[in-house]
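Chain residues, written in single-letter form:
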Amino acid sequence: MANIAAKRIKREFKEVMKSEEVAGGDIKLELVNDCWTELQGEISGPPDTPYEGGTFLLEIKVPETYPFNPPKIRFMTKIWHPNVSSATGAICLDILKDQWAAALTLRTVLLSIQALLSAAEPNDPQDAVVAKQYKENHELFEMTAKHWTNIYAGGPTCICEFNQKVQRIQDMGIDEHQARVALSTYDWELERATEQLF
């Protein structure tokens, strides 16, 4: 790895470790395999959002051209959010693309991703299905996001009705996650989700 990038990451890593957000349990950063180019980030779901109480893991790959190019970051924890792909975890956030500046740090990036959970941008979506639900049936979006947070990120809100529907499709021999995606996509209408799966 290029020396500038390694030095910069080491310095930023210390900055994150000393930050009040780490002390408060809001963000976390650790090395993967003692390698400065592969990191794992962790953010907690912000209060007063459907993600509250959840813990979300992020895969962070730092290019050799860092800090002149942004790190590649994706959600490893599955999440229902207009700006995150429910399939791949890819994030649609301007500072990870064309609005990147060398002055930005891993700490500011983690905090920006956390802020995105509080303020979705449904008009610039990464996941069109989620964005459509967000705009057309916001209450259902909130429930679905809470359900995903509960199942995948350890969030507190269990939605029994959704769990039962997932189980009904699982009983037909469909994988649990596949069942959940189909139901989430078709607004938790069992018939439509089942039709799509079979």
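What counts and how
- Each chain carries its own residue numbering, running from 1 in the written order of its sequence.
- Only residues with pLDDT of at least 70 get local features here, since the model is predicted, and only at 80 or more are side-chain atom pairs given and counted; chain-wide, interface and lining totals rely on the full set of residues.
- Only hydrogens and water are removed before side-chain values are computed, so all heavy atoms of the structure are retained for them.
- UniProt positions are given in the numbering used here, feature names are shortened, and annotations may be inferred rather than shown by experiment.
- Helix axes use the C-alpha atoms of the stretch in contact, all axes being lines fitted to C-alpha atoms, and the angles between their N-to-C directions lie in the range 0 to 180 degrees.
- Only DSSP runs of H or I with at least four residues qualify as helices, and only runs of E with at least two residues qualify as strands; both kinds are numbered from the N terminus onward.
- Under this scheme an angle from 65 to 115 degrees is roughly perpendicular, one under 35 degrees roughly parallel, and one over 145 degrees roughly antiparallel; angles in between are oblique.
- Note on contacts: a residue pair is in contact if any heavy atoms of the two residues lie within 4.5 Å.
- Only Asp, Glu, Lys and Arg are considered charged, only Ala, Val, Leu, Ile, Met, Phe, Trp, Tyr, Cys and Pro nonpolar, and every remaining residue, Gly among them, polar.
- For the exposure calls, accessible area comes from a 1.4 Å probe over protein chains only, and a residue counts as buried if that area is under 20% of its type's maximum, exposed if over 50%, partly exposed in between.
- The definition used for a disulfide is geometric: two cysteine sulfur atoms within 2.5 Å.

- In the annotation of an unreviewed UniProt entry, the entry for the protein chain reads Ubiquitin-conjugating enzyme E2-22 kDa isoform X2, and the organism field reads Vanessa tameamea.
- What the UniProt record of the protein chain gives under Sequence similarities (unreviewed entry) is the line "Belongs to the ubiquitin-conjugating enzyme family."

## Digging into the packing of helix 5 (residues 138-153) against helix 7 (residues 176-185)
- The contact between helix 5 and helix 7 brings their axes to 11 Å, and the two run at 170°. As far as their axial angle goes, helix 7 and helix 5 are roughly antiparallel. For the pair helix 5 and helix 7, contact is made by Thr144, His147, Trp148, Ile151 and Tyr152 and by Glu176, His177, Arg180, Val181 and Ser184, respectively.
- Here the contact of helix 5 with helix 7 is composed, by residue class, of 4 nonpolar, 4 polar and 2 charged.

## Examining the UniProt feature "active site" (unreviewed entry) in the protein chain
- Following the UniProt record, one finds the feature "active site" (unreviewed entry) at Cys92.
- Inspection of the secondary structure puts cysteine 92 in the loop between strand 4 (72-75) and helix 3 (106-118).
- For cysteine 92, a relative accessible area of 11% puts it in the buried group.
- When sequence neighbours within four positions are dropped, the list of residues in contact with cysteine 92 reads Asn83, Lys97, Leu116, Asp124 and Gln126.

## Describing the state of the cysteines
- A full pass over the atoms with the stated rule returns 0 disulfides.
- Left without a disulfide partner, cysteine 158 is nearest to the cysteine sulfur of cysteine 160, which lies 4.0 Å away.
- By relative accessible area, which is 42% here, cysteine 158 ends up partly exposed.

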